[in-house]
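Understanding the architecture of this molecule
Given next are the chains, with one letter for each unit.
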Amino acid sequence: MKIKKLFTLLLIMTMAFTFCTGCSSDDTPDTKTGDDQTLYLRLTSPLQSTDWQQTSNLDGNKITYIQLFEGLYGMDEASGGYYNLLAKDIQVSDDGLIYTVNLVDATFQNGDVMTADDVVFSYNLAMENSKFGYVTSMIDKIEAKDDKTVVLTLKYPYSAISHTFFTIKIVSQREYEETTASGGAFGTAPHTAGTGPYYVTEYDVSAGVKLAAYENYWQGAPAIKNVEYRVITDDAAAVIAFENGEIDYLCDAPLSEWANIEEAAGERCSLVKANDIQFLAINYSSPSNNGILANEKVREAIFYAINKDNIVQASTNGLGSPAYEYMVPEYVATSPKASDGKFATYDYNQDACHQCLLDAGFSEEEIAAGIPVGTILTYPSDTSPKGKAAVVIQDCLKQNGMIAEVEIRESAACSNDLYGQNYDLAIYSDSGNYDYNNIRQMLHSESVGMYLVNYKDDKGTFDWKYMEDLIDQGVTATDVKERYDIYTELWSYAMDTKTLLPLYHSAVGIAWSDRIKVEKLNPMYYHLTDISWAE
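In short, a report on the structure. (Residues numbered from 1 in each chain as written. Predicted model: local features only at pLDDT ≥ 70, side-chain atom pairs only at ≥ 80, totals over all residues. Heavy atoms only, no water.)

1. What to know about the overall build of the protein chain
The helix and strand tally for the protein chain stands at 18 helices and 21 strands. Its C-alpha radius of gyration of 24 Å places the protein chain within 12% of the 24 Å reference for a compact globule of 535 residues. Seen through its C-alpha atoms, the protein chain measures out along the principal axes to roughly 75 × 65 × 45 Å. Each of the 535 residues in the protein chain was classed as buried or not, and the buried ones make up 55%. Contacts spanning at least 24 positions in sequence make up 69% of the contacts within the protein chain whose residues lie at least 6 apart. Summed over its atoms, the accessible surface of the protein chain is roughly 21900 Å², and 47% of this surface lies on carbon and sulfur atoms. Counting 38 positive and 77 negative side-chain charges, the protein chain places the centres of these two groups 1 Å from one another. (Helix = DSSP H or I, 4+ residues; strand = E, 2+ residues; numbered from the N terminus. Rg over C-alpha atoms; globule rule 2.2 N^0.38 Å. Buried < 20%, exposed > 50% of the residue type's maximum accessible area, 1.4 Å probe, protein only. Contact = heavy atoms within 4.5 Å. Areas by Shrake-Rupley, 256 points an atom, 1.4 Å probe, with all protein chains shown as cover. Lys, Arg positive; Asp, Glu negative; His and termini not counted. Charge placed at Lys NZ, Arg CZ, Asp CG, Glu CD.)

Pasting the structure below:
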């Protein structure tokens, strides 16, 4: 163990030295020993871009979505979710179609005053990007009424507009256009095109990124002046780096190492319920074993065969929690609650599983021999939480008369098959949901990117029009109770299809060094402005 830790530590130091030697600044801090004036954080994977539109993983979004860029709304999970940010106030017309947005007095990091033209430019960029269709498809047009006023016109009333206001970030039109006009690709280098409290000073895709405080930030200069993110992909290496004082704020600590982190951090650590969902999808139209998954009773048997407690233990070191809702009610006010008893839930039940297989037409002999139900597909590795969950599910099925293979691929290699419904069983995840309308990504046929089960089918297995009508009703209703009731009916039907089974919600481990004070603990979107030096 000591040899492994020493090797890992040497690897971290080598990576840090490589980052230093690749920087052009003469005053780069010595990353071997640390710098008293720099806050150090971990990146689990390289930052793909300094452009908010180009970062697609959560690690990158934590930087671009919060520290560099801002939207009309902000996000503070620890204090109730959405709040006005670049929007000073918003008036909504009686018909719910026109939003008049008055802007705060803010400047970009390049010193330019943010105007309504920048907001219009940024929204048009997002509307042209299919990746953001799920938050822009309801927008008819956006116009600048004057320098400080934006008028947004919707095609139809849309009560989930808050997520749009948070997701779309405002970029400096001048700097963005100057970069692209000169032949450059915005986001491939440091820039000063955001209104956020920090801007990028150095950017190395493989090693990390350095930020500096924007002293003229419209909400006041940040307390921490210099920030450095170091790419450390290995969890054990990250823990050693934290123990050695090379990481000050570990915002998504590996749960497998939580005992060691608690020992090192003492009272300076906490577990927060994650705003995520890990779930099992069943492709009822799969041709495997003569279309066995088309049999509703087989799908139900699979649901009863799965021991969620065992999955929580294997995937989260016992620190997560079994899931019964798609979204965490603590973070989503309109999320249906299992405690209401208005939709089916499934716990491990061997007798019920066995009876379902008998009802599906299988004999005792076939069940004893094991019924092949296909392959469990997931990502990104066999040591990842989803990879561990796949093995547990495989074992659960085996103990209950069903046989499944496990196939684990790198994330990108999985996506085409998952979204093209070219799989049997799949373990997938979703995170960062703050409005239940996001369920449309999973249940609506017009969604792009997360539509794992094709409910709109020629066989007429499910009433997909009913589901999509409920989705439309939910997003046009404005009353929270009314939306809650609509979404409860929707999720009840989704559970009745026996195609999506919530497995577990993760826990987020957060730990920090004695050099800093942390004002709030957010499970996903931490704010560097909530961190200051300890006295």
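Anyway, onward from the coordinates.
2. Some remarks on unusual backbone geometry
The peptide bond linking Tyr379 to Pro380 adopts the cis configuration, its omega dihedral lying at -5°. Position of Pro380 among the secondary structure elements: in the loop between strand S15 (371-378) and helix H14 (385-399). Of note, Asn317 is a non-glycine position whose phi angle comes to about 60°, a positive value. By the secondary structure assignment, Asn317 is in the loop between helix H11 (308-316) and strand S14 (321-322). Judged by its relative accessible area of 38%, Asn317 falls in the partly exposed class.

3. Some remarks on the side chain of Gln67
Along the chain, Gln67 turns up in helix H2 (residues 58-68). Since its relative accessible area comes to 1%, Gln67 is described here as buried. From its side chain, Gln67 meets the backbone oxygen of Tyr526 in a polar contact 3.0 Å long. With residues near it in sequence (within four places) discarded, Gln67 still touches Lys62, Gly196, Pro197, Tyr198, Leu211, Tyr229, Tyr526, His527 and Leu528. (Polar contact = N/O pair within 3.5 Å; in protein donor to acceptor, adjacent residues only side chain to side chain.)

4. Considering the sheet that holds strand S7 (residues 149-154)
Sheet architecture is open: four strands sit in the order S4-S5-S7-S6, paired in antiparallel fashion. Here the strands that pair on one side only, and so sit at the sheet edges, are strand S4 (87-92) and strand S6 (139-146). Strand-to-strand twist of the sheet, defined as the mean angle between neighbouring strand axes without regard to direction, takes the value 20°. The sheet contact formed by strand S5 (residues 98-103) and S7 spans five bridges and is antiparallel. Note on S7: the bridge partner recorded for Val101 is Val150. On top of the sheet, helix H3 (residues 116-127) reaches S5, S6 and S7; it is set at about 165° to S6, its chief contact. (Pairing = 2+ DSSP bridges. Axes fitted to C-alpha atoms, helices over the stretch in contact; angles between N-to-C directions.)

5. Some words on the pattern of salt bridges
In the structure shown here, the tally under the stated rule is 18 salt bridges. Residue Glu330 pairs with Lys273 through a salt bridge whose shortest N-O separation is 3.3 Å. Of this pair, Glu330 sits in the loop between S14 and helix H12 (350-359) while Lys273 is found in strand S12 (residues 269-273), placing the two residues 57 residues apart along the sequence. (Salt bridge = Lys/Arg side-chain N within 4 Å of Asp/Glu carboxyl O.)

6. Describing the sheet that holds strand S16 (residues 402-408)
The six strands lie next to each other as S14-S18-S13-S17-S15-S16, forming an open sheet whose pairing is mixed. On the outer flanks of this sheet lie S14 and S16, each paired with one strand and no other. Direction of pairing for strand S13 (residues 276-282) relative to strand S17 (residues 425-431): antiparallel, over a ladder of seven bridges. Bridging across to S17, Phe279 finds its partner in Tyr428. On the sheet, helix H10 (residues 296-305) packs against S13, S15, S16, S17 and strand S18 (500-505) and is oriented at approximately 145° with respect to S13.

7. Brief notes about the packing of aromatic side chains
With the rule as written, the count across this model stands at 25 aromatic pairs. Centre to centre, the rings of Tyr455 and Phe462 are 5.7 Å apart; their planes meet at 65°, and the pair counts as edge-to-face. When sorted by exposure, Tyr455 lands in the same class as Phe462, which is buried. An aromatic cluster is built from Trp52, Tyr65, Tyr82, Phe132, Phe166, Tyr434 and Tyr525, whose rings are joined through pairwise contacts. (Phe/Tyr/Trp six-rings, centres within 6.5 Å; stacked < 30°, edge-to-face > 60°.)

8. Topic: the environment of Ala390
Summarising the element assignment, Ala390 is placed in helix H14. By relative accessible area, which is 0% here, Ala390 ends up buried. In the structure, Ala390 is positioned 79 residues away from Ile311 in sequence and 8.6 Å away in space, judged by C-alpha atoms. Non-local contacts of Ala390, meaning those with residues more than four positions away in its chain, are made with Ile376, Thr378, Val406 and Ile427.

9. Side note on helix H17 (residues 464-476)
Between its first and last C-alpha atoms H17 spans 19 Å; for 13 residues at 1.5 Å apiece the expected length is 18 Å, and the two agree. Along H17, the residues that are buried comprise Trp464, Met467, Glu468, Leu470, Ile471, Gly474 and Val475. Axial view of H17: buried residues confined to an arc of 155°, hence all on one face. Those residues of H17 that are buried lie in contact with helix H16 (440-443) and helix H18 (480-496). (Expected span 1.5 Å × (residues − 1). Arc of directions from axis to C-beta.)

10. Concerning the pairing of S17
The element S17 is extensively covered by neighbouring structure, given that six of its seven residues are classed as buried. The pairing of S15 with S17 spans two bridges and is parallel. Bridge assignment links Ile376 to a residue of S17, and that residue is Leu425.

11. Some points on H12
What H12 keeps buried is the set Ala352, Cys353, Cys356 and Leu357. For H12, the angular spread of the buried residues around the axis is 140°, confining them to a single face. Those residues of H12 that are buried are in contact with H10, helix H13 (364-369), S15 and S16. A positive phi of about 105° marks Gly361, the residue just after H12.

12. Remarks on the side chain of Thr497
Within the secondary structure, Thr497 sits in the loop between H18 and S18. In this structure Thr497 touches Arg299, Tyr455 and Phe462, once residues within four positions along its chain are discounted.

Purely spatial values, then, with no claim about function.
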